[in-house]
Amino acid sequence: MNESQAVKPWTRPHDWAEVVLGVVAMASPLWMATDNAAMWTMVVLGALIALDGLVSLAMPGMVAGEAIQIVLGVLLFISPWVMSYTDLTGIAWSSWIIGALTVVAGAAALPMAQAASRMAGSH
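Residues numbered from 1 in each chain as written. Predicted model: local features only at pLDDT ≥ 70, side-chain atom pairs only at ≥ 80, totals over all residues. Heavy atoms only, no water.

A short note on the environment of A33
- With respect to the helices and strands, the residue A33 is situated in the loop between α2 (13-27) and α3 (36-58).
- For the pair A33 and G90, spaced 57 residues apart in the sequence, the C-alpha separation amounts to 7.1 Å. (Helix = DSSP H or I, 4+ residues; strand = E, 2+ residues; numbered from the N terminus.)

Brief notes about the packing of aromatic side chains
- Scanning all chains against the criterion turns up four aromatic pairs.
- Aromatic side chains W10 and W16 sit 6.2 Å apart centroid to centroid with 45° between the ring planes, which places their arrangement in the tilted category.
- Among the aromatic residues, those joined into a cluster by ring pairs are F77, W81, W93 and W96. (Phe/Tyr/Trp six-rings, centres within 6.5 Å; stacked < 30°, edge-to-face > 60°.)

Digging into the pattern of salt bridges
- The tally for this structure, following the rule as stated, stands at two salt bridges.
- Between R12 and D15 there is a salt bridge, with the nearest N and O atoms lying 2.7 Å from each other. You'll find R12 and D15 in the same group, each marked buried.
- The partner of R12 in a salt bridge is E66, and the shortest N-O contact between them spans 3.0 Å. Separated by 54 residues along the polypeptide, R12 in the loop between α1 (3-6) and α2 and E66 in helix α4 (residues 63-82) bring together distant segments of the chain.
- By relative accessible area, R12 is classed as buried at 2%. (Salt bridge = Lys/Arg side-chain N within 4 Å of Asp/Glu carboxyl O. Buried < 20%, exposed > 50% of the residue type's maximum accessible area, 1.4 Å probe, protein only.)

Comments concerning α4
- In this model α4 runs 28 Å from its N-terminal to its C-terminal C-alpha over 20 residues, within 8% of the 28 Å that 1.5 Å per residue would give.
- Considering bend angle alone, the principal kink of α4 is centred on L76 and spans about 30°; proline P80 follows within four residues of it.
- Every buried residue of α4 is accounted for by G65, E66, Q69, L72, G73, L76, S79 and P80.
- Immediately beyond the C-terminal end of α4, within one or two residues, lies S84, with a positive phi of roughly 60°. (Expected span 1.5 Å × (residues − 1). Bend = angle between axes of the 7 residues up to and from the residue.)

Some words on the packing of α3 against α4
- As a packed pair, α3 and α4 sit with axes 10 Å apart at the nearest point and diverge in direction by 160°. With respect to α4, the axis of α3 lies roughly antiparallel. Relative to α4, α3 is oriented so that their crossing is left-handed. Contact residues: T41, M42, L45, L48, I49, D52, G53 and S56 in α3; G65, E66, I68, Q69, L72, L75, L76 and S79 in α4.
- For the contact of α3 with α4, a count of residues per class yields eight nonpolar, six polar and two charged. (Axes fitted to C-alpha atoms, helices over the stretch in contact; angles between N-to-C directions. Parallel < 35°, antiparallel > 145°, perpendicular 65-115°, else oblique. Left-handed = near helix turned anticlockwise from the far one by under 90°. Contact = heavy atoms within 4.5 Å. Nonpolar A, V, L, I, M, F, W, Y, C, P; charged D, E, K, R; others polar.)

Considering α3
- Given a rise of 1.5 Å per residue, 23 residues ought to cover 33 Å, and the 33 Å separating the end C-alpha atoms of α3 matches this to within 8%.
- Taken together, the buried positions of α3 are A38, T41, M42, L45, G46, I49, A50, D52, G53, S56 and L57.
- Looking at where α3 begins, the residue whose side-chain oxygen comes 3.3 Å from the main-chain nitrogen of A37 is D35. (Polar contact = N/O pair within 3.5 Å; in protein donor to acceptor, adjacent residues only side chain to side chain.)

Any functional reading would require information that these geometric values do not contain.
Structure, rendered in C-alpha cells:
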C-alpha cells in the first residue's frame, strides 16, 4: 500500500481486519460454551476492538488508535487466565487466537497510521 492510500479513509485492510476480529470475538459466545465472565469479556472487548477499528478506518492518521488496538488484543489474549475461563476450551482458544491476531493487525497498521499522520502534518 502506498503512502497516499494510507491516508485515505476506509481503505486500510489492517483496520478492516480489526473490525472483523472484533465482531467475531463479540459474536463467539453465540456458538461456543461460555460462562458469564467469558461471555461478557468477549462481548465487551470484541465491541471495543471493532469500534477502535472503525475509528481507525475513519481517521487513518490517528496513531493512538493502533496502540489502543494492540492493548485491546493483549487484554483479550490474557483474559482466559485473568477472568478464569481457561477450562472453557473453545472460548479460551478464541480469546487467544483473536487476541494475538488483533495485536498483529494493530502492529502492522501502526506504520501506516504513522505515515498518514506525517502526511497530514505536512499539508
